[in-house]
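Fold and contact review
Chain by chain, the residues:
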Amino acid sequence: MRLKTSLLKEPKHKELVSCVGWTTADELYSCSDDHQIMKWNLLTSETTRVVKLPDDIYPIDLHWFPRSIGGKKQSHAESFVLTSSDGKFHLISKSGRVEKSVEAHCGAVLAGRWNYEGTALVTVGEDGQVKIWSKSGMLRSTLAQQGTPVYSVAWGPDSEKVLYTSGKHLIIKPLQPNAKVLQWKAHDGLILKTDWNSVNDLILSAGEDCKYKVWDSYGRLLYSSQPHEYPITSVAWAADGELFAVGSFHTLRLCDKTGVHNVVNDAVDLLEFRDRVIKASLNYGHLVVSTSLQCYVFSTKNWNTPLIFDLKEGTVSLILQAERHFLLLDGGGLYLYSYEGRLISSPKFPGMRTDILNAQTVSLSNDTLAVKDKADEKVIYIFEALSGKPLGDGKPLTHKTEIVEIALDQKGLTSERKIAFIDKNRDLYITSVKRFGKEQKIVKIGTMVQTLAWNDTSNILCGIQDTRFTVWYYPNTVYVDKDLLPKTLYEKDASEFSKNPQIVHFVGNQTTIRRADGSLIHLNISPYPAILHEYVSSSKWEDAVRLCRFVKDQTMWACLAAMAVANKDMATAEIAYASIGEIDKVQYINSIKDLPSKESRMAHILLFSGNTQEAETLLLQTGLIYQAIQVNINLYNWDRALELAVKHKTHVDTVLAYRQKFLEDFGKKETNKRFLQYAEGLEVDWNKIKAKIEMEIAKERERSAASPAVRASVTVQQ
């Protein structure tokens, strides 16, 4: 992307232009010291005068009322606030009619901003006051009062805080009384301009020290420019938070670019569009380009005949691609399209605000769409991509802490779809999107994680964790054998990436990382784990074992062990565990083989993966009561073992016998009232108990041999 500037032969404004504001992607309003308000149309290159203001009004700042909230058009959306040097602000309609003028400050009103909901207006002035007004122009409160002029103001993303300048300092003040105020020295000279982006939660500041700086919302410096020749007089974020513009004397800066380059044969295609290009995305063999009026879909095999369709709004802020379809996000909503240009779905959720979503808070796969809620940042809404309806029972995924970044895996079955997310504590969690209705198993797999990305062709996850670049070759290991997870990781020192790096792409076996200074670094990982994923997804277990023997890497064997258990292939699991020296697990797998029925073996595979509840449910559903009781005895779940024995009127003496032996081994006496109650008058006869157990096993073996094993309908946590 580049800045395009043009100068008309006959400039319409006769004096200095003090403020501008976009109404749409192609229409701009400007105000000048010549008291005129002009409308500029970039499509037709027409300029028209909207209104001539009274001679005593010298405009200083302009801000349009929010166009839409939650996809709904606002009745005030066709108006803007104009602040002026006479101490007033003016509410003006799009046609130029002054609806209301309000005496606001002593001296000039230096800035005015609507909040994101359009429910309040903040103004600052030369008198050092920060005031909050209703949308009709009634004074609500004076938020701050200081001795020096306030030159700039911005709302926080949640509209609950206000950022304003105070000399060389920046101040964030919450609207709630007595809430903590954050203040820090930001520049060595007077701060002239500031902006706070609602999507990335980052702050820009510009000052007379000739520098512009980027801060996070805690006041920590993320970037400081080199000193320019002249003071920086203006800064502004692009709505999506990807770019920002910086203005100074004879200087306008914008840093980013978009292009198409075939690296296979160095062929270059020049793609020209009728309208301005706003967004572009290249992935999965397609280039999707959004202009101010239309969307173009190119196949990388044919650049000459794109598929073109009209857009509802020309303000596309995000394009996300999956293998089968892509997502467009604008001020009105979320729209999922096929690569043939057909609208597939348009998911919605209560209080949806699309203007604050970005690539970190929306994620798309072939069958699923996930969106982080801004109203409650602990919540992720998950939708079926094709229908746009909420997944499962409609309940969103809820975490205990605010979520910062989300990402869906891209391959495999819909029933096994996983979502990874980073919370505010920078912990990395993973969970299945399909596990609604029950308590979801949300498991932590990393700490101090700054950024993450799933691979495009296999479910391998990478992230930058503290000072290490980490690859989780098989994140699902955490559900199969948690102890094995550290052995399935690849780690590399990440100090070369400097502060706040961002993973841009994870394609094939190459990861692209953008450093804070904008430079890109490419990292290659081993191609073998992806090949292993491919073999396992096709159930080519012999090929998988052969690959691991060829590579001779413990990480590969660990991944294969977890994959084999997840897919119930215990013969392969035994080979893989033996190769990494996990002898106790090899013995347990061998013991599973000797179990009398298929249901018992399945239950013990579930136990092996730590899924006790599912194992017990399976055994009870298939009538193997003794096995369910024995499982709880082996896990020392004494209360549950006794509860099952009493409920099914069988093996109460078995439970009491094992309990008695357990207490004797540890030299303890029985204190559990329930066990004391059932032990009264009951004599433990081990010979009788052993005979009964042998009879149960024989009966189970006979039943298994007599009829084909019936597969129980129980959901297995992957």
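The paragraphs below set out a description of the structure included in this document.

Rules used in this analysis
Residues numbered from 1 in each chain as written. Predicted model: local features only at pLDDT ≥ 70, side-chain atom pairs only at ≥ 80, totals over all residues. Heavy atoms only, no water. Pairing = 2+ DSSP bridges. Helix = DSSP H or I, 4+ residues; strand = E, 2+ residues; numbered from the N terminus. Axes fitted to C-alpha atoms, helices over the stretch in contact; angles between N-to-C directions. Phe/Tyr/Trp six-rings, centres within 6.5 Å; stacked < 30°, edge-to-face > 60°. Lys NZ or Arg CZ within 6 Å of the ring centre and 35° of its normal. Buried < 20%, exposed > 50% of the residue type's maximum accessible area, 1.4 Å probe, protein only. Core = buried A, V, L, I, M, F, W, Y, C linked by side-chain atoms within 4.5 Å. Contact = heavy atoms within 4.5 Å. Salt bridge = Lys/Arg side-chain N within 4 Å of Asp/Glu carboxyl O. Parallel < 35°, antiparallel > 145°, perpendicular 65-115°, else oblique. Left-handed = near helix turned anticlockwise from the far one by under 90°. 1 Å grid on protein atoms, 1.4 Å probe; cavity = no way out; pocket = protein on both sides within 12 Å on 5 of 7 lines; lining within 4 Å. Points joined across faces, edges and corners; volume = space filled by probe spheres on them. Polar contact = N/O pair within 3.5 Å; in protein donor to acceptor, adjacent residues only side chain to side chain.

With that settled, the discussion passes to the sheet that holds strand S47 (residues 510-514). Read across the sheet, three strands follow the order S46-S47-S48 without closing on themselves; strand pairing throughout is antiparallel. Looking at which strands have only one partner, the edges of the open sheet turn out to be strand S46 (502-507) and strand S48 (520-524). Adjacent strand axes in the sheet meet at a mean angle of 20°, parallel and antiparallel pairs treated alike. One ladder, built from five bridges, connects S46 with S47; its direction is antiparallel. Directly across from His505, in S47, lies its bridge partner Thr512.

The next subject is the packing of aromatic side chains. Two aromatic rings, taken as a pair, are described by how far apart their centres are and by the angle between their planes. For the structure shown, the criterion picks out 27 aromatic pairs. Arranged with centres 4.8 Å apart and planes meeting at 65°, the rings of Tyr230 and Phe249 form a pair that is edge-to-face. With a gap of 19 residues between them, Tyr230 in the loop between strand S22 (221-224) and strand S23 (234-237) and Phe249 in the loop between strand S24 (244-248) and strand S25 (251-254) connect regions that are remote in the sequence. Judged by centre distance (5.8 Å) and plane angle (25°), the ring pair of Tyr588 and Phe608 falls under stacked. Note that Tyr588 is positioned in helix H6 (residues 583-593) and Phe608 in helix H7 (residues 598-608), a separation of 20 residues in sequence. Through a chain of ring-to-ring contacts, three or more aromatic side chains come together here, namely Tyr212, Tyr223, Trp237 and Phe244. Just above the ring of Phe675 sits the side chain of Arg659; from NZ or CZ to the centre is 4.7 Å.

This next bit is on the pairing of strand S13 (residues 129-134). Along S13, six of the six residues are buried, which leaves the element largely enclosed by surrounding structure. Alignment of strand S12 (residues 120-125) against S13, held across five bridges, turns out to be antiparallel. Within S13, the residue paired with Ala120 across the bridge is Ser134. Counting the residues in the hairpin turn of S12 and S13 gives three residues, including Gly128, whose phi is positive at 80°. Bridge count between S13 and strand S14 (residues 139-145): five bridges; the pairing is antiparallel. Note on S14: the bridge partner recorded for Val130 is Ala144.

If you look at the biggest cluster of nonpolar residues, it comprises 47 residues, and the most contacted ones within it are Phe469, Phe497, Leu532, Leu560 and Tyr577. Ranked by the residues each element gives to this core, the list is headed by helix H4 (residues 554-566), at eleven residues. Once residues lying within four places of it in the same chain are set aside, the contact partners of Phe469 are Cys462, Gly463, Ile464, Tyr490, Glu491, Lys492, Ala494, Phe497, Thr511, Ile513, Leu523 and Ile525. Counting 21 residues, the second largest nonpolar core, distinct from the first, contains Ala615, Val631, Val655 and Leu656.

Between side chains of opposite charge, a pair can form when the charged atoms approach closely. In total, this model carries 25 salt bridges according to the counting rule given. Linking Arg640 and Glu616 is a salt bridge whose minimum nitrogen-to-oxygen distance equals 2.4 Å. Here Arg640, found in helix H10 (residues 638-647), pairs with Glu616, found in helix H8 (residues 612-621); they are 24 residues apart in sequence, far enough to count as distant. Owing to a relative accessible area of 5%, Glu616 belongs among the buried residues under this scheme. With a closest N to O distance of 2.9 Å, Glu670 and Arg659 form a salt bridge. Linking Glu670 in the loop between helix H11 (652-665) and helix H12 (673-679) with Arg659 in helix H11, this pair joins segments that are eleven residues apart in sequence. Looking at Glu670, the relative accessible area reads 21%, which means it is partly exposed.

This part is about unusual backbone geometry. A negative phi angle is the norm for most residues apart from glycine, just as the trans form is the norm for most peptide bonds. We note that Asn178 has phi near 70°; this positive angle belongs to a residue other than glycine. If you trace the backbone, Asn178 turns up in the loop between strand S17 (169-174) and strand S18 (182-185). Residue classification places Asn178 among the exposed positions, given a relative accessible area of 83%. At Asp201, a residue that is not glycine, the phi angle is positive and equals roughly 60°. Mapped onto the secondary structure, Asp201 falls in the loop between strand S19 (191-196) and strand S20 (202-207).

To continue, consider the packing of helix H3 (residues 541-551) against H4. Here H3 crosses H4 at 160°, and the two axes come no closer than 9 Å. One way to sum up the angle between H3 and H4 is to call them roughly antiparallel. The element H3 and its partner H4 pack so that their crossing is left-handed. Touching Trp541, Ala544, Val545, Leu547, Cys548, Arg549 and Val551 of H3 are Met556, Trp557, Leu560, Met563 and Ala564, all from H4.

Moving on, we come to the layout of surface pockets. It is the rolling of a water-molecule-sized probe over the atoms that shows where space remains empty. In this structure, the second largest pocket encloses a volume near 680 Å³. Breaking the lining of the second largest pocket down by element, the ones donating at least two residues are helix H2 (528-537) and H4. Sort the elements by how many residues they give to the lining of the second largest pocket and H2 lands first, with six residues.

In the contact formed by H4 and helix H5 (residues 570-579), the axes pass within 8 Å of each other and the chain directions differ by 155°. In terms of axis orientation, H4 runs roughly antiparallel to H5. With respect to the hand of their crossing, H4 and H5 are arranged in left-handed fashion. Touching Gln554, Trp557, Leu560, Ala561, Ala564 and Val565 of H4 are Met570, Thr572, Ala573, Ile575, Ala576, Tyr577 and Ser579, all from H5.

By the secondary structure assignment, Ala494 is in the loop between strand S45 (489-493) and S46. You can call Ala494 buried: its relative accessible area is 6%. Along the backbone, Ala494 and Lys699 are 205 residues apart, and their C-alpha atoms lie at a distance of 59 Å. Ala494 has contacts with Ile464, Thr467, Arg468 and Phe469, leaving out every residue within four places of it along the chain.

Bringing the environment of Arg703 into the picture now. Mapped onto the elements, Arg703 comes out in helix H13 (residues 686-706). For the pair Arg703 and Ser597, spaced 106 residues apart in the sequence, the C-alpha separation amounts to 8.2 Å. Beyond its immediate stretch of four places on either side in the chain, Arg703 contacts Thr622 and Leu624.

Right, let's get into the side chain of Ser30. Inspection of the secondary structure assignment puts Ser30 in strand S2 (residues 27-32). Side-chain polar atoms of Ser30 contact the side chain of Trp40, separated by 2.7 Å. Non-local contacts of Ser30, meaning those with residues more than four positions away in its chain, are made with His13, Val17, Cys19, Val20, Gln36, Ile37, Met38 and Trp40.

None of the figures reported here should be taken as evidence of function without further support.
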